[in-house]
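# Remarks on the overall topology
Below are the chains, spelled out letter by letter.
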Amino acid sequence: MKVCVTGGNGFIGSRVVPLLLADGHTVRCVLRPTSDTSRLEGLTYERAAGDVRDAASLQAAVAGCDAIIHLASPSSWNDINSPLLEAVVMDGTRNVLAAAQAAQARVVFCSTAVAINASSDPTVVFDETAAFTVRDRRLRYANNKHAAEQLCRDAAAAGLHVVIVNPGEVYGPKDTGFITAGNLVDFAKSSPVLVSKGGTAIAHVDDVALGIVRALTRGRAGERYILGGQNLSVRELASTTLRLLGIQRAIVTMPTGLLRAITRAATALHIPLPYNPLVIPYATRYWFMSSAKASRELGVTFRPADEVLAPTLAWLKETGHITPPRRASA
């Protein structure tokens, strides 16, 4: 197929593009003039100037394509609370669906596991059928992605072939935007390590990319597929990181109510915090997921936490973002 990709230069997209090429597809990436394409270096792809917020540019980019994989989205913690969030997520998805309809192209929409649901109970594990009940207005990213999924389901009901994928928290080398790698750096440098009562499913970027590419040909229209991996509490994520780095350090779990109250007060009074306050509404909930459907229908397996984090930590050490602990001399 000829596949149009939005966000192909991003952390996940730059792993999706080579997989598409390896499967024999032709790839056209929708890129802005200022897009950093260094992660796509050496790959053969067509470049289409465009922006998901610009309907006309998308219509032109998708013309002649058999499919579109829609990955473009705010990703950093600051971006997901920016004024542009709704324009990129909601308007961008509307524009992608309209362009796909005009070209009669199938769509894979990359949503997120935080659009599934969350709980205060770590024993609860959600699947694709979960009702979305977390309506906290501070969860703007989760709410916008969930609403964008409804646009996709409406389009599927109207006859467009649309498949939704829901990655968990994605780790891997070359996370140059420190979307998740920043968590590991914080664990490595903090003493003691302060953590919240929350958690999420973590997955290696290559496993997620494979799930997205498989969804293109194996995914059923109107269905969603969680691409999650192993469920870890924030404390388990921190302890695994420290163990893999060979660091022995105290980990202190903060009570949820206290952490939220401190964050609200400091934000209102413009007092600097040793963490990004935008993280707290997510980090104080459990976003535990089952990826059984993706494994069953897409044929994707997800590596365990150690194999997700070890190569990410190796890259962080190689690039000087984490300094390995010194070994005691003999």
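This section reports on the structure supplied with the text.

### Overview of the environment of arginine 28
Inspection of the secondary structure puts arginine 28 in strand S2 (residues 26–31). For the pair formed by arginine 28 and cysteine 65, sequence separation is 37 residues and the distance between their alpha carbons is 8.4 Å. The residues touching arginine 28, leaving out its near neighbours within four places in the chain, are Lys2, Val3, Cys4, Val5, Glu46, Ala48, Ala60, Ala61, Val62, Ala63 and Cys65. Within the structure, the side chain of arginine 28 is placed 2.6 Å from the backbone oxygen of alanine 61, a separation counted as a polar contact.

### Digging into the nonpolar core
With 46 residues, the main nonpolar core has Leu97, Val107, Val162, Tyr282, Trp287 and Met289 as its most contacted residues. Residue assignment for this core shows that the elements contributing at least two residues are helix H2 (55–62), helix H3 (85–103), strand S5 (106–110), helix H4 (140–157) and strand S6 (162–167). Among the elements that line this core, the one with the most residues is H3, at 8 residues. Counting 33 residues, the second-largest nonpolar core is a separate cluster that includes Cys110, Val163, Val170 and Val205.

### Topic: the pattern of salt bridges
Scanning the model with the defined rule gives 15 salt bridges in all. A salt bridge links glutamate 46 to lysine 2, with the shortest nitrogen-to-oxygen separation between them at 3.2 Å. Of this pair, glutamate 46 sits in strand S3 (residues 46–49) while lysine 2 sits in strand S1 (residues 2–6), and the two are 44 residues apart along the sequence. Of the charged contacts, one joins arginine 94 and aspartate 91 as a salt bridge, the two residues approaching to 3.0 Å between their closest N and O atoms. Pair noted here: arginine 94 and aspartate 91 are both in helix H3, with a separation of 3 residues, about one helical turn. The class of arginine 94 is partly exposed, set by a relative accessible area of 42%. For aspartate 91, a relative accessible area of 35% puts it in the partly exposed group.

### Focus: the sheet that holds strand S10 (residues 224–227)
Strand pairing in a sheet is mediated by backbone hydrogen bonds. Such pairs are either parallel or antiparallel. In space, the 7 strands of this open sheet follow the order S3-S2-S1-S4-S5-S6-S10, with parallel pairing throughout. Looking at the sheet topology across the chains shown, the edges are occupied by S3 and S10. Taken pair by pair, the neighbouring strands of this sheet meet at an average axis angle of 20 degrees, ignoring direction. Inspection of the sheet shows S1 paired to strand S4 (residues 67–70) by 4 bridges, in the parallel sense. In the strand pairing of S4, cysteine 4 is matched with isoleucine 68. Against the sheet, H2 contacts S1, S2, S3 and S4, and its axis sits at roughly 170 degrees relative to S2. Seen against the sheet, helix H6 (residues 205–218) touches S1, S4, S5, S6 and S10 and runs at an angle of roughly 155 degrees to S5.

### Considerations on H2
Looking only at H2, the buried set comprises Ser57, Leu58, Ala61 and Val62. Across the axial projection of H2, the buried residues extend over an arc of 125 degrees, all falling on one side. Summarising the geometry of H2, the exposed residues directed more than 90 degrees from the buried face are Ala56 and Ala60. Its buried side turned inward, H2 meets S1, S2, S3, S4 and H3. The residue sitting at the N-terminus of H2 and contributing the capping side-chain oxygen is aspartate 54; that oxygen lies 3.2 Å from the backbone nitrogen of alanine 56. Count one or two residues on from H2 and you reach glycine 64, which has phi positive near 85 degrees.

### Structural notes on the side chain of serine 111
One can find serine 111 in the loop between S5 and H4. Within the structure, the side chain of serine 111 is placed 2.6 Å from the side chain of glutamate 149, a separation counted as a polar contact. Every residue in contact with serine 111, bar those within four places of it in the chain, is listed here: Lys145, Glu149, Ile164, Val165, Asn166 and Pro167.

### Concerning the pairing of S5
Here S5 lies mainly inside the structure; 4 of its 5 residues are buried. Note: S4 against S5, 4 bridges, orientation parallel. Bridge assignment links alanine 67 to a residue of S5, and that residue is arginine 106. The handedness of the S4 to S5 crossover, carried by H3, is right-handed.

### As for the packing of helix H1 (residues 13–22) against H6
Pairs of packed helices are described in terms of their axes, by the angle between the two and the distance that separates them. The contact between H1 and H6 brings their axes to 9 Å, and the two run at 50 degrees. In this view, H1 runs oblique relative to H6, as classed from their interaxial angle. Crossing handedness for the pair H1 and H6: right-handed. Here H1 contributes Arg15, Val16, Leu19 and Leu20 to the contact with H6, which in turn contributes Val205, Asp206, Ala209, Leu210, Ile212, Val213 and Leu216. Within the contact of H1 with H6, the residues separate by chemical class into 9 nonpolar, no polar and 2 charged.

### Quick look at unusual backbone geometry
Look at the link from serine 191 to proline 192: it is a cis peptide, with omega at -5 degrees. In this structure, proline 192 sits in the loop between helix H5 (181–189) and strand S8 (193–195). Of note, glutamine 104 is a non-glycine position whose phi angle comes to about 55 degrees, a positive value. Along the chain, the position of glutamine 104 falls in the loop between H3 and S5. Here glutamine 104 falls in the exposed class, since its relative accessible area comes to 59%.

So, how was this worked out
Residues numbered from 1 in each chain as written. Predicted model: local features only at pLDDT ≥ 70, side-chain atom pairs only at ≥ 80, totals over all residues. Heavy atoms only, no water. Helix = DSSP H or I, 4+ residues; strand = E, 2+ residues; numbered from the N terminus. Contact = heavy atoms within 4.5 Å. Polar contact = N/O pair within 3.5 Å; in protein donor to acceptor, adjacent residues only side chain to side chain. Core = buried A, V, L, I, M, F, W, Y, C linked by side-chain atoms within 4.5 Å. Buried < 20%, exposed > 50% of the residue type's maximum accessible area, 1.4 Å probe, protein only. Salt bridge = Lys/Arg side-chain N within 4 Å of Asp/Glu carboxyl O. Pairing = 2+ DSSP bridges. Axes fitted to C-alpha atoms, helices over the stretch in contact; angles between N-to-C directions. Arc of directions from axis to C-beta. Right-handed = clockwise from strand over helix to strand, strands pointing away. Parallel < 35°, antiparallel > 145°, perpendicular 65-115°, else oblique. Left-handed = near helix turned anticlockwise from the far one by under 90°. Nonpolar A, V, L, I, M, F, W, Y, C, P; charged D, E, K, R; others polar.

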